[in-house]
Amino acid sequence: MYKTKNDLPEQVRTKLIELLNARLADAVDLQTQMKQAHWNVKGPNFIGLHKLFDEINEEVEDYVDDIAERSVELGGVAIGTARSVAKKSQLAEYPLQIGNGHDHVEAVATALATFGKSARLAIDASDELRDKDTADLFTEISRGVDKWLWFVEAHLQADR
Ligand SMILES: [Fe+2]
């Protein structure tokens, strides 16, 4: 922990930094999974999905940066290298052998939904620690992820 004049108590900041680094690991993992999908998707919806997955990647990159910087603002160290996030991420590994659009849509929707759930839980956890700003950050992220999940799942929802 670094010294800071931030008025949140140190034991609270320590817990927040742990929470932020846990979600940072998920977010970095999610970002690489969106690129994996962007590069490898094939089939009749190729161009739409190829562009959509990259758009999601770009917004997830912003989530990554905001989560990492929040933990540093609170006096912590952001832990976001590939090796450290691979150990900590709660996301399942992205299927590496799939090719067609439908399978990528399924896999991307699963990754987004997993991350969305943990972001939502992080809203309440930050709120319980009385940090409205971190709760607000996770609220923004959770709302964004819900939007992307809609964009992706709409490909599967033509028939009810
Ligand atoms: Fe690209």
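Just so you know, these numbers come straight off a predicted model, no measurement behind them.

## Some remarks on the overall build of the protein chain
A count of helices and strands for the protein chain gives five helices and zero strands. When the elements of the protein chain are put in sequence order from the N terminus, they spell out α-α-α-α-α. Taken over 160 residues, the protein chain has a buried fraction of 44%. Taking as baseline every contact in the protein chain between residues at least 6 positions apart, the subset at least 24 positions apart corresponds to 77%. Split by element, the accessible area of the protein chain, about 9,300 Å² in all, is 51% carbon and sulfur. The positive charge centre, built from 19 side chains, and the negative charge centre, built from 28, are 4 Å apart in the protein chain.

## As for unusual backbone geometry
Within the chain, Arg130 stands out as a residue other than glycine whose phi angle is a positive 60 degrees. Its location among the elements puts Arg130 in the loop between α4 (101-128) and α5 (132-153).

## A closer look at the packing of helix α2 (residues 46-73) against α4
Viewed as axis vectors pointing N to C, α2 and α4 meet at an angle of 15 degrees, and their least axial separation amounts to 12 Å. When the interaxial angle is binned, α2 and α4 end up roughly parallel. When you trace α2 past α4, the crossing you get is left-handed. Residues Leu49, Phe53, Ile56 and Tyr63 of α2 form the contact with α4, whose own contacting residues are Gly101, His104, Val105, Val108, Leu112 and Phe115. A class-by-class count of the residues in the contact of α2 with α4 yields eight nonpolar, two polar and no charged.

## Considering a negative patch on the surface
A cluster of acidic side chains, namely Glu55, Glu58, Glu61, Asp62, Asp65, Asp66, Glu69, Asp133, Asp136 and Glu140, defines a negative patch on the protein surface. The set of elements that each furnish at least two residues to the negative patch consists of α2 and α5. Broken down by element, the residue count for the negative patch peaks at seven residues, all from α2. Inspection of the secondary structure puts Glu69 in helix α2.

## Quick word on the pattern of salt bridges
Under the criterion given, the structure shown has seven salt bridges. Of the charged contacts, one joins Lys132 and Asp127 as a salt bridge, the two residues approaching to 3.1 Å between their closest N and O atoms. Taking relative accessible area as the criterion, Asp127 reaches 34% and is therefore assigned partly exposed. Here the salt bridges do not stand alone but share partners, grouping Arg70, Glu73 and Asp131 into one network.

## Observations regarding the environment of Ala37
Tracing the chain through its elements places Ala37 in helix α1 (residues 10-40). A relative accessible area of 0% places Ala37 in the buried class. As for Ala37 and Ser84, which are separated by 47 residues in sequence, their C-alpha atoms are 22 Å apart. In contact with Ala37, not counting residues within four places along its chain, are Phe53, Tyr94, His104 and Val108.

## What to know about the packing of aromatic side chains
Counted under the stated rule, the structure contains two aromatic pairs. The interplanar angle of 80 degrees and the centroid separation of 5.2 Å between the aromatic rings of Trp148 and Phe151 together place this pair among those described as edge-to-face. In this pair, Trp148 and Phe151 both sit in helix α5, three residues apart, roughly one turn of the helix. Relative to Phe151, the ring of Trp150 lies with its centre 5.1 Å away and its plane at 80 degrees, an arrangement referred to as edge-to-face. Ring pairing ties together the aromatic residues Trp148, Trp150 and Phe151, which thus form one cluster. Above the face of the Trp148 ring, Lys147 is positioned so that its terminal group lies 4.3 Å from the ring centre. Lying across the ring of Phe151, Lys147 places its NZ or CZ 5.9 Å from the centre.

What counts and what doesn't
- Residues numbered from 1 in each chain as written.
- Predicted model: local features only at pLDDT ≥ 70, side-chain atom pairs only at ≥ 80, totals over all residues.
- Heavy atoms only, no water.
- Helix = DSSP H or I, 4+ residues; strand = E, 2+ residues; numbered from the N terminus.
- Buried < 20%, exposed > 50% of the residue type's maximum accessible area, 1.4 Å probe, protein only.
- Contact = heavy atoms within 4.5 Å.
- Areas by Shrake-Rupley, 256 points an atom, 1.4 Å probe, with all protein chains shown as cover.
- Lys, Arg positive; Asp, Glu negative; His and termini not counted.
- Charge placed at Lys NZ, Arg CZ, Asp CG, Glu CD.
- Axes fitted to C-alpha atoms, helices over the stretch in contact; angles between N-to-C directions.
- Parallel < 35°, antiparallel > 145°, perpendicular 65-115°, else oblique.
- Left-handed = near helix turned anticlockwise from the far one by under 90°.
- Nonpolar A, V, L, I, M, F, W, Y, C, P; charged D, E, K, R; others polar.
- Patch = residues over 30% accessible without salt bridge, like charges linked within 9 Å, V, L, I, M, F, W, Y side chains within 5 Å.
- Salt bridge = Lys/Arg side-chain N within 4 Å of Asp/Glu carboxyl O.
- Phe/Tyr/Trp six-rings, centres within 6.5 Å; stacked < 30°, edge-to-face > 60°.
- Lys NZ or Arg CZ within 6 Å of the ring centre and 35° of its normal.

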